[in-house]
Amino acid sequence: MDYETRRIYTRLSTHLYHAGSQTQAVTTAQALWAPYAADYEDTALWFGLQAERRSTLSDTTQITPLVRVFQRRWWVDVGVSVNSQHRGDGFVNVMLLF
């Protein structure tokens, strides 16, 4: 489920993974805010926060501050995921829609 305007984006999702006798649920809540309303052909900049909880493996909640930049068919997410078990994992996600 998600909700989006030109300056606000929210998402709540749950994915279930089943392998053998193990089932894992990954629940994600994401909120992003844009400092300006960009048009489709403009480059958009978003700042956000994501919370993700995984059952079975660790039962910890991972918090991820992130920056998203996108325009038309591509976007880039950059952030650092942290939880109580370790300091953090930096990441860069690049997506191009065909």
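In this report, the structure presented in the accompanying data block is examined. (Residues numbered from 1 in each chain as written. Predicted model: local features only at pLDDT ≥ 70, side-chain atom pairs only at ≥ 80, totals over all residues. Heavy atoms only, no water.)

Evaluation of the coordinates by the stated rule reveals one aromatic pair. Ring centres of Trp46 and Phe70 lie 6.2 Å apart, and the angle between their planes is 20 degrees; this geometry places the pair in the stacked category. One end of the pair, Trp46, is in strand 4 (residues 44-54); the other, Phe70, is in strand 5 (residues 61-71), and 24 residues separate them in sequence. The class of Trp46 is buried, set by a relative accessible area of 4%. Above the face of the Tyr9 ring, Arg68 is positioned so that its terminal group lies 6.0 Å from the ring centre. (Phe/Tyr/Trp six-rings, centres within 6.5 Å; stacked < 30°, edge-to-face > 60°. Helix = DSSP H or I, 4+ residues; strand = E, 2+ residues; numbered from the N terminus. Buried < 20%, exposed > 50% of the residue type's maximum accessible area, 1.4 Å probe, protein only. Lys NZ or Arg CZ within 6 Å of the ring centre and 35° of its normal.)

Moving on: the pairing of strand 5. The side chains of a regular strand alternate between the sheet's two faces. In this sheet, strand 5 lies alongside strand 4 in antiparallel orientation, the contact comprising 10 bridges. From the neighbouring strand, Trp46 faces strand 5, where its bridge partner is Arg68. One ladder, built from seven bridges, connects strand 5 with strand 6 (residues 74-83); its direction is antiparallel. Residue pairing in the sheet places Ile63 in a bridge with Val82 of strand 6. Between strand 5 and strand 6, which pair antiparallel in sequence order, lie two residues; one of them, Arg72, sits at a positive phi of approximately 50 degrees. (Pairing = 2+ DSSP bridges.)

Further remarks concern the pairing of strand 3 (residues 22-33). Taken together, the 12 bridges between strand 2 (residues 8-19) and strand 3 define a ladder with antiparallel strand orientation. Note that in strand 3 the partner of Leu16 across the bridge is Ala25. Counted between consecutive antiparallel strands, the loop separating strand 2 from strand 3 contains two residues, among which Gly20 sits at a positive phi close to 60 degrees. When strand 3 meets strand 4, the two strands line up antiparallel, connected through eight bridges. Within strand 4, the residue paired with Ala31 across the bridge is Leu49.

Looking now at the pattern of salt bridges. In total, this model carries three salt bridges according to the counting rule given. A salt bridge links Arg6 to Asp39, with the shortest nitrogen-to-oxygen separation between them at 3.2 Å. Of this pair, Arg6 sits in the loop between strand 1 (2-4) and strand 2 while Asp39 sits in the loop between strand 3 and strand 4, and the two are 33 residues apart along the sequence. Between Asp77 and Arg68 there is a salt bridge whose closest N-O contact spans 2.7 Å. (Salt bridge = Lys/Arg side-chain N within 4 Å of Asp/Glu carboxyl O.)

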